[in-house]
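Examination of the molecular architecture
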Amino acid sequence: MYLRPGTLDEAVAALSAPGGRILAGGTDIFPAAGDRPLAGPIIDISRLAELDGIVLGDDRIRIGARTSWSTIIATPLPRCFDALKAAAREVGSVQIQNLGTIAGNLCNASPAADGVPPLLALDAAVELRSRAGTRSLPLSEFISGNRRTARRDDEIVTAVIVPRTIDAGASAFLKLGARRYLVISIAMVAAVVEARADGRVSQARIAVGSCSAVAQRLTALEQDLVGAPARPGLGALARAEHLAPLSPIGDVRASAAYRLDAALTLVRRALDACALGAAAEI
């Protein structure tokens, strides 16, 4: 069965029946199906304009669930979103960026999902809607494992919410893969660094993906960076022990040891890039 609701209420009602699957951009669901037909009732949300677009509020930025990566790239946003825009340019080809949605990337819950580390570094939350009402979860709680999320079967992701607590922070996203384009990452890092008027770090946020079942924030490193001079060389403060939250696997792309070494190098480079950007604003 194929349904194409015209309103969010209709979509939520359709999801209240068992077995429904949400179809948005289709860039994950169709490749996963291969040559098999899609199973179960398919709920196509491509007509739900209320889930599309970006709204800049005074204290938060709301990104509709259906917002494409191309829209994120093209929308003027605070500089702390530069890392998310850089990640958006890494999501497949331009055709995929035109169709793929931010919520689809999160709901797919791949350990290598490009959008997750930058959104973790922005303290993003996920908004969900069902017939029972609306709830919000921190992104760190929404993705619970490899291909697992906290979304219930009767819920639809309606938006990603980013609090405006680090707007002026300089941000960077770096990714290592076996080739330059259309690649699943070996390791990736997003960082945001904000500096005080005296040139020292007031806030730092660092998230690493592809090195554990769920992307992880390096909170010990974030704390150690506060008060440090926000200038090139900041990355040297990152040490191997700061990567303790990570649990990389070895696979055909890289060994676990290589992933850890690559992640540390990317963290250092991302922090130096942020420090350079932060220093330029002082």
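Computed from a predicted structure; not experimentally measured.

Parameters at a glance
Residues numbered from 1 in each chain as written. Predicted model: local features only at pLDDT ≥ 70, side-chain atom pairs only at ≥ 80, totals over all residues. Heavy atoms only, no water. Buried < 20%, exposed > 50% of the residue type's maximum accessible area, 1.4 Å probe, protein only. Helix = DSSP H or I, 4+ residues; strand = E, 2+ residues; numbered from the N terminus. Pairing = 2+ DSSP bridges. Axes fitted to C-alpha atoms, helices over the stretch in contact; angles between N-to-C directions. 1 Å grid on protein atoms, 1.4 Å probe; cavity = no way out; pocket = protein on both sides within 12 Å on 5 of 7 lines; lining within 4 Å. Points joined across faces, edges and corners; volume = space filled by probe spheres on them. Nonpolar A, V, L, I, M, F, W, Y, C, P; charged D, E, K, R; others polar. Polar contact = N/O pair within 3.5 Å; in protein donor to acceptor, adjacent residues only side chain to side chain. Contact = heavy atoms within 4.5 Å. Salt bridge = Lys/Arg side-chain N within 4 Å of Asp/Glu carboxyl O. Arc of directions from axis to C-beta. Core = buried A, V, L, I, M, F, W, Y, C linked by side-chain atoms within 4.5 Å.

**Section: the pairing of strand 11 (residues 170-176)**
Counted residue by residue, strand 11 has five buried out of seven residues, so it is predominantly covered. In terms of strand pairing, strand 11 meets strand 12 (residues 187-195) through seven bridges, oriented antiparallel. Along strand 12, the bridge assignment pairs Leu176 with Ala187.

**Description of the sheet that holds strand 6 (residues 125-130)**
Spatial ordering of the open sheet is given by 4-5-10-6-7, a layout of five strands whose pairing is antiparallel. Lying at the two open borders of the sheet, with one neighbouring strand each, are strand 4 (54-56) and strand 7 (133-138). Along the sheet, successive strands turn relative to each other by an average axial angle of 20°, direction set aside. Pairing between strand 5 (residues 60-64) and strand 10 (residues 156-163): five bridges, direction antiparallel. Bridging from a neighbouring strand, Ile63 pairs with Val160 of strand 10.

**Some thoughts on empty space enclosed by the protein**
Enumeration over the complete set of coordinates arrives at one cavity of 30 Å³ or more. In this structure, the largest cavity spans a volume of roughly 30 Å³. Forming the walls of the largest cavity are Ser110, Pro111, Ala113, Val116, Ile143, Val214 and Ala215. The residue inventory of the lining of the largest cavity, partitioned by class, reads six nonpolar, one polar and no charged.

**Digging into the side chain of Thr75**
Counting through the fold element by element, Thr75 comes out in the loop between helix 3 (69-74) and helix 4 (82-88). At a separation of 2.6 Å, a polar atom in the side chain of Thr75 contacts the main-chain carbonyl oxygen of Thr71. In contact with Thr75, other than residues within four places in its own chain, are Ile54 and Lys85.

**Quick word on the pairing of strand 12**
In terms of residue burial, strand 12 counts as a mostly covered element, since eight of its nine residues are buried. As defined by bridge partners, strand 12 adjoins strand 13 (residues 201-209) across eight bridges and the pair is classed as antiparallel. Across the sheet, residue Val193 finds its bridge partner in strand 13, namely Ala204. With antiparallel pairing between neighbouring strands as the criterion, strand 12 and strand 13 make up a hairpin whose turn holds five residues, including Gly199 at a positive phi of roughly 85°.

**Side note on the sheet that holds strand 14 (residues 216-217)**
One key point about sheets: their strands pair by backbone hydrogen bonds, in either a parallel or an antiparallel sense. One open sheet accounts for four strands, arranged 11-12-13-14; its pairing is antiparallel. A strand with exactly one partner marks an edge of an open sheet, and here the two such strands are strand 11 and strand 14.

**Some remarks on unusual backbone geometry**
Look at Asp123: it is not a glycine, yet its phi comes out positive at around 60°. With respect to the element layout, Asp123 can be found in the loop between helix 7 (116-121) and strand 6.

**With respect to the pattern of salt bridges**
The tally for this structure, following the rule as stated, stands at 17 salt bridges. Here Arg66 makes a salt bridge to Asp52, at a shortest N to O gap of 3.8 Å. Of this pair, Arg66 sits in the loop between strand 5 and helix 3 while Asp52 sits in the loop between strand 3 (42-44) and strand 4, and the two are 14 residues apart along the sequence. On the basis of relative accessibility, which here comes to 17%, the residue Arg66 falls in the buried class. Put simply, Arg239 and Asp224 hold a salt bridge, and the shortest N to O gap is 4.0 Å. In this pair, Arg239 sits in the loop between helix 9 (219-225) and helix 10 (256-281) while Asp224 sits in helix 9, placing the two residues 15 residues apart along the sequence. A relative accessible area of 38% places Arg239 in the partly exposed class.

**Comments concerning helix 1 (residues 8-15)**
Structurally, the α-helix is built with 3.6 residues per turn, so residues lying three or four positions apart point the same way. For helix 1, the set of buried residues is Leu8, Ala11, Val12, Ala14 and Leu15. Projection of helix 1 onto a plane perpendicular to its axis shows the buried side chains occupying an angular sector of 160°, all on one side. Elements that come into contact with the buried residues of helix 1 comprise strand 1 (2-3), strand 2 (21-23), strand 3, strand 6 and strand 10.

**Looking at the nonpolar core**
Counting residues in each nonpolar core, the largest one holds 37 residues, and the members touching the most others are Ile63, Phe81, Leu106, Val116, Leu119, Leu139 and Phe142. Broken down by secondary-structure element, the contributors of at least two residues to this core are strand 5, helix 3, helix 4, helix 6 (102-108), helix 7, strand 6, helix 8 (139-142) and strand 10. When residues of this core are assigned to their parent elements, the largest contribution, four residues, is made by helix 7. What Leu106 contacts, discounting residues up to four positions off in sequence, is Val116, Leu119, Val126, Leu139, Phe142, Ile143, Thr149 and Val160. Counting 30 residues, the second-largest nonpolar core is a separate cluster that includes Val201, Leu234, Val267 and Ala275.

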